[in-house]
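# Chain and residue survey
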Amino acid sequence: MKIKALITGITGMVGSHLCDFLLENTDWDIYGVCRWRSPLDNVGHLLQRVNQKDRVYFEYADLNDQISLLTVFEKVRPDYIFHLAAQSYPLTSFTAPIDTLNTNILGTCRLLESIRNVMVSENGGYQPLIHVCASSEVFGKIPEDKKPDKGIHEECPFHPASPYAVSKAGTDLLGRYYAQAYGMKVMTTRMFTHTGPRRGDVFHESTFAKQIAMIEAGLMQPEVQVGNLKSLRTYADVRDAVRAYYMLVTVNPIPGEYYNIGGSYTCEVGDTLHTLLSMSPIKDTIRIVEDPGRLRPVDADLQVPDCRKFKMHTGWEPQISYEKTMMDLLNYWRERVRKENFLTR
């Protein structure tokens with residue numbers, strides 16, 4: 001029988017790129033879980049294949065609805081499960097903490113329980129490989145005296161600095177618990193900052209790129225609104241990230257393991273802004289203005305990973321340069337601005 005992969009959150013940046021990667025590099029059928037109200041912007045290029053039932057299928061479910069999840073897993077019984085769906089915006093989590101915790105922690109529990117129920121009904125005949133996507137945000141604001149010399153490794157203590165980070169700490173621990181308690185083949189990742197085309201405009205580098213594109217198009221004043229520019233980030237390209245996720249489940253997968261994954265280029269957020277500005281022909285006319293509304297109550301201001309464990313296990317290395325990632329992100333927003341009218345964020 002043909003191999004089936006299921007992606008929760010297929011309509012997001014990462015989910016849509018993962019689907020693209022699997023279509024190009026495997027012969028698997030891909031089942032994407034989305035809510036009936038999920039925006040389809042990131043998967044517009046896939047809709048013809050969905051309509052023709054050409055290796056891509058959409059299944060409607062919600063992490064907050066146990067029955068819908070169970071129905072999907074009973075129907076599809078995927079061989080590989082990539083759990084990417086989440087309330088994924090750290091800043092939003094400060095104003096919607098309960099929704100964030102419910103969706104990300106209890107939603108992951110509902111998902112894993114649904115899978116476990118199908119496994120029990122099959123009396124051990126169904127053993128899918130499951131990727132639970134946590135986040136580097138679980139490490140949060142690491143105290144100065146505990147910052148490791150070679151970056152944040154897997155055994156660094158959690159110091160979550162937002163309700164989103166707390167929720168991802170719960171997600172991370174749930175994945176490991178289900179592997180240990182029930183023998184499920186669950187692996188957990190903490191991906192550090194990853195970006196590129198289709199990145200949501202609530203994230204710093206994407207809102208910078210969007211604002212620059214809108215300024216170039218004459219749709220807003222030549223001012224880029226910013227938050228904390230001193231925060232340190234290590235960037236990976238989303239296309240490298242999804243290749244890592246594929247390797248996680250196909251290169252000697254070890255149930256219960258957990259990995260930090262990230263890029264190789266580290267800089268302050270302000271440097272990222274200046275990189276994007278340097279790519280604009282009108283860079284000299286654009287001013288930088290701090291917007292207090294973009295500042296987090298607490299910021300995870302050190303996000304530099306130690307990825308040796310994952311690299312040694314799989315051989316994965318990032319391949320796409322930081323400069324290409326930023327140029328592709330800016331061109332993505334230029335194209336969207338050309339096609340649509342946007343309000344700044």
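Below: a short report on this structure. Note that the structure is a prediction, hence the values are computed from the model and not measured.

### A closer look at the packing of helix α1 (residues 13-25) against helix α8 (residues 238-250)
Packed helices, taken two at a time, are described by the angle between their axes plus the distance between the axes. Where α1 contacts α8, the axes come no closer than 9 Å and their chain directions differ by 65°. Classified by the angle between their axes, α1 and α8 sit roughly perpendicular to one another. Crossing of α1 against α8: the hand is right-handed. Between α1, through M13, V14, H17, L18, F21 and L22, and α8, the contact on the second element is made entirely by V238, R239, V242, R243, Y245 and Y246.

### Here we look at the pattern of salt bridges
According to the stated counting rule, one finds 26 salt bridges in the structure shown. The salt bridge involving K75 is made with E59; its shortest N-O contact spans 3.1 Å. Placement of K75 in helix α3 (residues 66-76) and of E59 in strand β3 (residues 56-60) is noted, with a sequence separation of 16 residues between them. Between E257 and K309 there is a salt bridge; the shortest N-O distance is 2.7 Å. Of the two residues, E257 sits in the loop between α8 and β10 (258-261) while K309 sits in helix α10 (residues 308-314), which places them 52 residues apart along the sequence. Connected through salt bridges with shared partners, the residues D237, R239, K324 and D328 form a single ionic network.

### Here we look at unusual backbone geometry
At K53, a position not held by glycine, the phi torsion is positive, near 55°. In this fold, K53 is placed in the loop between α2 (47-51) and β3. Classification of K53 by relative accessible area gives exposed; the value is 59%. One non-glycine residue, N252, lies in positive phi territory at about 45°. Relative to the helices and strands, N252 resides in the loop between α8 and β10. Judged by relative accessible area, N252 falls into the exposed class, the value being 52%.

### Some thoughts on the side chain of D328
For D328, the position within the fold is in helix α11 (residues 322-339). With near-sequence residues (within four places) excluded, D328 lies in contact with P197 and R239.

About the criteria used
- Residues numbered from 1 in each chain as written.
- Predicted model: local features only at pLDDT ≥ 70, side-chain atom pairs only at ≥ 80, totals over all residues.
- Heavy atoms only, no water.
- Axes fitted to C-alpha atoms, helices over the stretch in contact; angles between N-to-C directions.
- Helix = DSSP H or I, 4+ residues; strand = E, 2+ residues; numbered from the N terminus.
- Parallel < 35°, antiparallel > 145°, perpendicular 65-115°, else oblique.
- Left-handed = near helix turned anticlockwise from the far one by under 90°.
- Contact = heavy atoms within 4.5 Å.
- Salt bridge = Lys/Arg side-chain N within 4 Å of Asp/Glu carboxyl O.
- Buried < 20%, exposed > 50% of the residue type's maximum accessible area, 1.4 Å probe, protein only.

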